[in-house]
Amino acid sequence: MSIKLREIFKPEYVQKEFYTGGHIEWTPDGHNLLCQCGPRVSILDIETTTLVDTIPQRTGSVKTGDEEDEEDECTDSVITFTLDPTSKNLITSHKSGLLCTWDWNERKLTKSWRHLHKGPVIKLAITNDQIIASGGTDSIIRLWQSEKAHCLYALHGAQGNTSALKFLQLPNSEFWLFAADMQCEIHVWSCNDGKHLFKLQGHFSTVTELAFYKKQYLISCGRDKVVILWDLESKLQLKMVALYDCLETMVVLPEEGFYLQDLDNELKNTHVIPNGVCVAVGGENGGLHVWDIKNNIPIFKESNTDSQSIKSTKSITNMIFNEIRSMLAICYVDNTITLQSFGPQHSKLTLIGSNDEILDVALLGNECSRSLAVAINSCDIYIFPWHKKRIETDDNCEIDEVVLGVCCKRLKGHTDTVLCLASYKNFLISSSKDNSIRVWLYCNVNRTAKCVAIGARHTGAINTVAISKSLEFIVSASTDTTLKLWKLPKTFKSDEQHILSVKLTEVGHEKDINSICIAPNYQTIATGSQDKLVKVWSANDLSVLGVCRGHKRGVWCVRFSPIDQVLLSSSADTTLKIWSMSDYSCLKTLESHDSSVLKGGFLNHGTQVASCGGDGLVKIWCLKTSECIATLDKHSSKVWALSIVDDGSIMVTGGSDSRLVVWHDRTEEVRISEAAASQTKALQDQQLQNLLQNEQLLPALKMSIILERPNTALKIIQTLSKQGQGQDLKMVFQNINQEQKERLLDYVVDWNNNGKYCLAAQLVLNILLEDIMMGKLTINQEKLQGLMAYSERHYRRLTTLVTNLQLLRYTTNCMAPHLSNE
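Here the residue index of a chain counts from 1 through its sequence in written order. In keeping with the predicted nature of the model, local features appear solely for residues at pLDDT of at least 70, side-chain atom pairs appear and are counted solely at 80 or more, and the whole-chain, interface and lining totals rest on all residues. Excluded from the side-chain calculation are hydrogens and water; included are all heavy atoms of the structure.

Student: Break down the packing of aromatic side chains for me, with residues and values.
Tutor: Stacked, tilted and edge-to-face are the three classes assigned to paired rings of Phe, Tyr and Trp, where Trp is represented by its six-membered ring and a pair needs centres within 6.5 Å; plane angles under 30 degrees give stacked, over 60 edge-to-face, the rest tilted. Under the definition given, this model contains 11 aromatic pairs. Through a chain of ring-to-ring contacts, three or more aromatic side chains come together here, namely Trp176, Phe178, Phe198 and Phe212. Counted as over-ring charges are cases with an Arg CZ or a Lys NZ within 6 Å of the ring centre that also lie within 35 degrees of the ring normal. One cation-aromatic arrangement involves arginine 107 over tryptophan 104; the distance from NZ or CZ to the ring centre is 4.4 Å.

This is how it looks when you write it as structure tokens:
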């Protein structure tokens, strides 16, 4: 049976950042979460935990990773934003000094104006009546009328940066504006006349959040580690509660009650009905506190599960509560968002707002319950759900597509950065800079994993690890230049962690060992090192079977072929080499990368190779011809991770640009589509010839535009013009789509450059001019200048011709009497 090459891979899913720190908001209906992400506001669907859109929207054309980064750099950065309570408008503040209003339903810009502040606007608030408050770094707060972009009042009294900004609607429908400044004071203005009403003093450090309870109380928290309850009627403090944490954010919990769940299972769906004012606060320590401020009673304090490692301690930066979902969104300093349910149904989801540098990936589970384990420059391992769904193509065919949700589970255990992952079935092996390896057992039901064994005998960071498909042993290699073979227990106890024992240890190389792999027969092991050597070892006693020499720089990756007795290696010398396992000689050298080749692997039954490098490119090779048959570009920096699924039908790559890209093999689909398109084009060609032969010029003109035949279209237009049917062209052009009109406009620009074809060009341009003036058809500046220059030249030439004709007619008329006398 012949094996068809896999030549066409498409990046049908790219997981990028959706939250890079800053402001977040719920939509009032609770369906979406809005997150600040560089130059855009990301819109996250909570049900599917997938990114559905951005404001402003990205251009629809397919771009490489570098082109996407350039587009983001050219887009005006968003400093903060707010969504009005009616979900009508989204207001954004930009680095350029603009305030922009976006139509929420259409996702389109409706208005933009200068905010008149001397510095950036860092806080925004909006009312139901579309009154916007903007607070910046210039000690001035401005009130705007959104529709007219008119500044109503400039509010004075605050000092320095605005740290918090909130509207309060009073029972008489009047609005008060509350703002906190750098002097730790809370100022209040009337929005009706812009007068400063009063100020509240009580904090001794920056006030970070303001909240209201029943329009009667104001609650404020700050970095002075206290929460203050204020009576708005008397303008006095009622309570001051010390929480011993630099507080950054706060939300008021529902007065009718809420449910609490703890990670330690001390509280299981405990229903709390508050007697006073309950708030949830978070800050520098990273723990969630629930406190009855009015009665000064602590209700709940989240235990810090990350206390074992300083690197994994996280500070809370922002929190927002949605009453419809009874869900609290908690933002951490590492740009992760936790969705904590306060309703009767327990749920706690972790969303990865922005990945750090992706070091390795590994696939877990069976086909019905797969997950992707990712090492993201962290001491934790992230487990992303692997969703396969069927989609319908334009050709009415159904194809499988894989999507990764941004919701994930975190595996905690390592105390330093996880460097490498290896998996087989439900076993996951991880190695770390903490000089240990861990064995995790994956559960297909809840799609998470539990640590069942630990091995810590290396004296340096463990760069690479591999597991035998017989599940009998694990091999690891470290910066201490040693190679260790660990015995894997046959059974694991669920209530304790096994301590792995080292069966064999051998000094492998003179420098760091970067990669290790096990042969399909479990009898041999291969290692690649910074000393430029590839060594092959016996799995029985770790004796050296052979040494492969030939690379000019360090070896980054080694992989055994699944069917042949050959070994693949990739190196920093920009090459890949295929080695024979019989005599350890180099059989082939693959050259195409311009930078270090960081990972490689066999696919398509060992007939092809996939590689990724420091140049951000993924390349597909044919081993038979030693040629690179495809270059895939979606990353903008080093590609460290490569996982090949189902023998090459799907590939997953990740790198230092924090992108996870899922590549699908669409070779067969594209070939079928191209064959169908070729057949359709042949039928249309024949149809065009039949129309021309039968002198059906108007249908033939439309068909020639569809088939992109400019010469045929020109001849038809000239014929129709000579026959006096030029006005009938308008009927043809009304029945073609926008893309075809743009194509026809390009033809007109070319025809207009030639005096022979200018009449046809002007005839078509006269018809298309209506669409151009109405804005339905766009023309760039360069084409417009060309059209105007040549049109003016044709006009002058025709004017001269008409003048000459009139002079000739005058001459003949003057000669007519004399000719009659003769």
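Having seen the model, we can carry on.
Student: Account for the sheet that holds strand S42 (residues 473-478), naming residues and giving values.
Tutor: The antiparallel open sheet is built from four strands, whose spatial order is S41-S42-S43-S45. Only two strands of the sheet have a single partner each, and these edge strands are strand S41 (462-467) and strand S45 (501-507). Strand-to-strand twist in this sheet, taken as the mean axis angle between neighbours without regard to direction, amounts to 20°. One ladder, built from six bridges, connects strand S43 (residues 482-487) with S45; its direction is antiparallel. Across the sheet, residue leucine 483 finds its bridge partner in S45, namely glutamate 506. Two strands pair if DSSP finds at least two bridges between them. Numbering of helices and strands runs from the N terminus; a helix is a DSSP stretch of H or I covering at least four residues, while a strand is a stretch of E covering at least two. Here an axis means a line fitted to C-alpha atoms, over the contact stretch when the element is a helix, while the angle between two N-to-C directions is reported on a 0 to 180 degree scale.

Student: Any details on unusual backbone geometry? Residues and values, ideally.
Tutor: Most peptide bonds take the trans form, and the phi angle of most residues other than glycine is negative. Look at the link from isoleucine 55 to proline 56: it is a cis peptide, with omega at -5°. Positionally, proline 56 belongs in the loop between strand S5 (50-55) and helix H1 (65-74).

Student: Kindly report on the pairing of strand S26 (residues 289-292), identifying the contributing residues and their values.
Tutor: Using a 1.4 Å probe on the protein chains alone, a residue whose accessible area is under 20% of its type maximum counts as buried, one over 50% counts as exposed, and one in between counts as partly exposed. Side-chain alternation along S26 places His289 and Trp291 on one buried face and Val290 and Asp292 on a second face that is also buried. Across four bridges, the pairing between strand S25 (residues 278-283) and S26 is antiparallel. Across the sheet, residue alanine 280 finds its bridge partner in S26, namely valine 290. The hairpin formed by S25 and S26 contains five residues between the paired strands, and glycine 286 there has a positive phi angle of roughly 85°.

Student: Quick one: what's the story with a nonpolar patch on the surface, residue by residue and with numbers?
Tutor: A surface patch of nonpolar side chains, about 500 Å² in accessible area, is lined by Leu759, Leu798, Leu801, Leu805 and Leu808. When residues in the nonpolar patch are grouped by element, the largest group, four residues, is from helix H8 (residues 781-821). Assignment of secondary structure puts leucine 759 in helix H7 (residues 758-773). For leucine 759, a relative accessible area of 61% corresponds to the exposed category. For patch building, the residue pool is restricted to those with more than 30% relative accessible area and no salt bridge; the joining distance is 9 Å between like charges and 5 Å between nonpolar side chains (Val, Leu, Ile, Met, Phe, Trp, Tyr). Accessible surface is estimated by sampling points in the Shrake-Rupley manner with a 1.4 Å probe; for residues, cover comes only from the protein chains shown. By salt bridge we mean one thing: a side-chain nitrogen of Lys or Arg within 4 Å of a carboxyl oxygen of Asp or Glu.

Student: Tell me about the side chain of histidine 115, and please be specific about residues and values.
Tutor: Relative to the helices and strands, histidine 115 is located in the loop between strand S9 (108-114) and strand S10 (121-126). Residue class for histidine 115 comes out buried when judged on its relative accessible area of 4%. Here, two residues are considered to be in contact whenever any of their heavy atoms come within 4.5 Å of each other. Aside from chain neighbours lying at most four places away, what touches histidine 115 is Gly97, Leu98, Leu99, Pro120, Val121, Arg142 and Trp144.

Student: Report on the packing of helix H3 (residues 697-706) against helix H4 (residues 710-722), specifying residues and quantitative values.
Tutor: Running from N to C, H3 and H4 cross one another at 155°; their axes reach a closest spacing of 9 Å. With respect to their mutual orientation, H3 and H4 come out roughly antiparallel. Relative to H4, H3 is oriented so that their crossing is left-handed. Seen from H3, the contacting residues are Leu697, Leu698, Ala700, Leu701 and Ser704; seen from H4, they are Thr712, Ala713, Ile716, Ile717, Thr719 and Leu720. Polar here means any residue other than Ala, Val, Leu, Ile, Met, Phe, Trp, Tyr, Cys and Pro, which are nonpolar, and Asp, Glu, Lys and Arg, which are charged; Gly is therefore polar. A per-class count over the contact of H3 with H4 returns eight nonpolar, three polar and no charged. Roughly parallel here means an angle under 35 degrees, roughly antiparallel means over 145, roughly perpendicular means 65 to 115, and every remaining angle is called oblique. Note on convention: the crossing is left-handed when the near helix lies turned anticlockwise from the far helix by less than a right angle, right-handed when the turn is clockwise.

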